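Topology and contacts: notes
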Amino acid sequence: SVAQSNNAALSSVIRKKLMGYVGFANLPNQVHRKSVRKGFQFTVMVVGESGLGKSTLVNTLFNTPLYPAKEVLPPSAERASTVAIESIGADIEENGVRLHLNVVDTPGFGDFVNNDDSWRPIVENIESRFDSYLEQENRVNRQKIMDNRVHACLYFIQPTGHSLKQLDIEFMRRLHTKVNLIPVIAKADTLTDEEIADFKARILADIAHNKIHIFQAPTYENEDEEAIAEAEEIASKIPFAVVGSDQVVRTADGRDVRGRSYPWGVIEVDNEEHCDFVKLRQMLIRTYMEELREHTNNVLYENWRTQKLLSMGVAQDSSVFREINPAARMQEERILHEAKLSKMEAEMKMVFQQKVQEKESKLKQSEEELYARHREMKEALERQKADLEDKKRRIESGRPLTPEKGAVSISRLLLAVISDGNY
Ligand code: GTP
């Protein structure tokens, strides 16, 4: 599973060699061959206060040094005064499956004296990615759409062992309708097993209390037992308590593993007894990468698009805004036009449906009429038949027919025979 790619790298993209098993070659089990051939675009955003091990974990997840070695800035060095957004792209390949991976980092988040607005640049970044996708969708030529939308957001929680901080809650509340949130407890090796269990329970309670939606693995009916068990196993570990390391260390029993070495022993990243890293990787890369992409497209993006169209409809009245900004005006007009078209389409569909319904009820009515007529005729025939049988029985039993009917018909018969002149 070593990357071998012969395509020329995009200018902003670095080509990376995998150092070992990552797991996205499993994707063919999740999606159609076509998208496998074309390759995947997948964007992960990492958010959390600085020093929580975000870059280390990303390097560990994708088993490749995506992040270049960082020089640690001395405290006196100048730092940006807002949250910056940085994006790293890499083309990685495993067993012939190509993945265009984008990692969006948000240095500066939560690093200031006042972090009230730390979430804002992040929301703006996510929305501008939606904007760019919408713009591509509206193009005449929609062949080559670059999907740079954020498919998953790893939110790093400081391993305090207490509960969520206001900053965490605020961020998740602002973001949960725009991105698949995956909370992780950073540097879980600094907490004991018991502390982790308590911390997880408190985090989940906080999340539920604040009505925050985090990404949930979907459960399907008719799924085989193994898949259901796996989904439950993954879900039970959320928020994942992770440990990251891009170092290989030697354990007491002489194995070389990815981990962190302490005087009392080695914490192994890939050992499920030691942390939830394996489960996080399973969720993000092996089992639910396609679900994350689908949920982003079908729910998060779609909701945002609807909201956007609605707000554009309202903005129609602000003529000042339209005059100042011709590009915005054109965009607005196009969106309105599209909304009009889809309204017309909906109306036409409704009219069509109505017509079909009318026709159907007419057909039903004439069918009923036919039935009624059929019934009437059948009844008349049955009455005649009964009459005739009655007559037959009387004739056979030698009894005279009823005078008014029988007499008349016999005298008529005689008359007819006589007047015929055959005698
Ligand atoms: P910024 O780039 O400043 O936002 O930091 P970051 O969140 O990317 O953290 P980074 O990966 O640079 O790690 C910061 C420090 O934490 C480094 O010294 C890492 O070796 C250490 N570190 C990373 N992951 C872990 C972990 O899981 N456990 C422990 N104990 N330390 C870790």
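A short tour of the structure in this document, coming up. In this text the structure is predicted, and so the values were computed from the model without any measurement.

We now examine the overall build of the protein. Along the backbone of the protein there are 11 helices and 10 strands. By the burial criterion, 27% of the 423 residues in the protein qualify as buried. Considering only intrachain contacts with a sequence separation of at least 6, the fraction spanning at least 24 residues in the protein is 71%.

Taken together, 15 residues lie near the ligand, and Ser50, Gly53, Lys54, Ser55 and Thr56 sit nearest. No other element matches the 3 residues that helix 2 (residues 54-61) contributes to the shell around the ligand. Its residues placed into classes, the shell around the ligand shows 3 nonpolar, 7 polar and 5 charged.

What follows covers the packing of helix 3 (residues 119-137) against helix 4 (residues 166-175). Contact geometry for helix 3 and helix 4: axes closest at 10 Å, N-to-C directions at 20°. In terms of axis orientation, helix 3 runs roughly parallel to helix 4. Judged by the twist between their axes, the crossing of helix 3 over helix 4 is right-handed. Each of Trp119, Ile122 and Val123 in helix 3 lies in contact with helix 4, whose residues at this interface are Glu170, Phe171, Arg174 and Leu175. Taken together, the residues of the contact of helix 3 with helix 4 sort by class into 5 nonpolar, no polar and 2 charged.

For helix 5 (residues 193-209), which comprises 17 residues, the first-to-last C-alpha distance of 24 Å matches the rise-based estimate of 24 Å (1.5 Å per residue) to within 8%. If you check which residues of helix 5 are buried, you get Ile196, Phe199, Lys200, Ile203 and Ile207. Projected down its long axis, helix 5 shows its buried positions confined to an angular sector of 105°, all on one face. Facing away from the buried side of helix 5 by more than 90 degrees, the exposed set consists of Glu194, Ala197, Ala201, Ala205, Ala208 and His209. Here the buried face of helix 5 lies against strand 5 (152-157), strand 6 (181-185) and strand 7 (240-241). Two residues or fewer past helix 5, Lys211 is found with a positive phi of approximately 55°.

Taken in spatial order, the 3 strands make up an open sheet running 8-9-10, and their pairing is antiparallel. With partners counted over all chains shown, the strands left at the sheet margins are strand 8 (248-250) and strand 10 (265-268), one partner each. Taking each pair of neighbouring strands and ignoring which way they run, the sheet shows an average axis angle of 65°. Of the pairings in the sheet, the one linking strand 9 (residues 256-262) to strand 10 comprises 4 bridges and is antiparallel in character. Looking across to strand 10, one finds that Gly259 is bridged to Glu268.

Note the cis peptide between Ile238 and Pro239, where omega equals -5°. The backbone of Lys211 sits at a positive phi, close to 55°, despite the residue not being glycine. Along the polypeptide, Lys211 turns up in the loop between helix 5 and helix 6 (225-235).

Counting 64 residues, the largest nonpolar core has Cys153, Tyr155, Val184, Ile185 and Val242 as the members making the most contacts within it. Setting aside its immediate chain neighbours within four residues, Val242 contacts Leu57, Val184, Ile185, Ala186, Ala188, Cys275, Asp276, Phe277 and Leu280.

Within the element layout of this structure, Asp168 appears in helix 4. With 15 residues separating them in the primary sequence, Asp168 and Pro183 have C-alpha atoms 9.8 Å apart.

Judged by how many residues are buried, strand 5 sits mostly within the fold: 6 of 6 residues are covered. Every second residue of strand 5 is oriented toward a common face, with Ala152, Leu154 and Phe156 on one face and Cys153, Tyr155 and Ile157 on the other, all of them buried. When strand 2 (residues 40-47) meets strand 5, the two strands line up parallel, connected through 4 bridges. By the bridge assignment for strand 5, Val47 is matched with Tyr155.

Rules and cut-offs
- Residues numbered from 1 in each chain as written.
- Predicted model: local features only at pLDDT ≥ 70, side-chain atom pairs only at ≥ 80, totals over all residues.
- Helix = DSSP H or I, 4+ residues; strand = E, 2+ residues; numbered from the N terminus.
- Buried ≥ 20, exposed ≤ 12 C-beta atoms within 10 Å, placed from the backbone.
- Contact = placed C-beta atoms within 7 Å.
- Near = placed C-beta within 6 Å.
- Nonpolar A, V, L, I, M, F, W, Y, C, P; charged D, E, K, R; others polar.
- Axes fitted to C-alpha atoms, helices over the stretch in contact; angles between N-to-C directions.
- Parallel < 35°, antiparallel > 145°, perpendicular 65-115°, else oblique.
- Left-handed = near helix turned anticlockwise from the far one by under 90°.
- Expected span 1.5 Å × (residues − 1).
- Arc of directions from axis to C-beta.
- Pairing = 2+ DSSP bridges.
- Core = buried A, V, L, I, M, F, W, Y, C linked by C-beta atoms within 7 Å.

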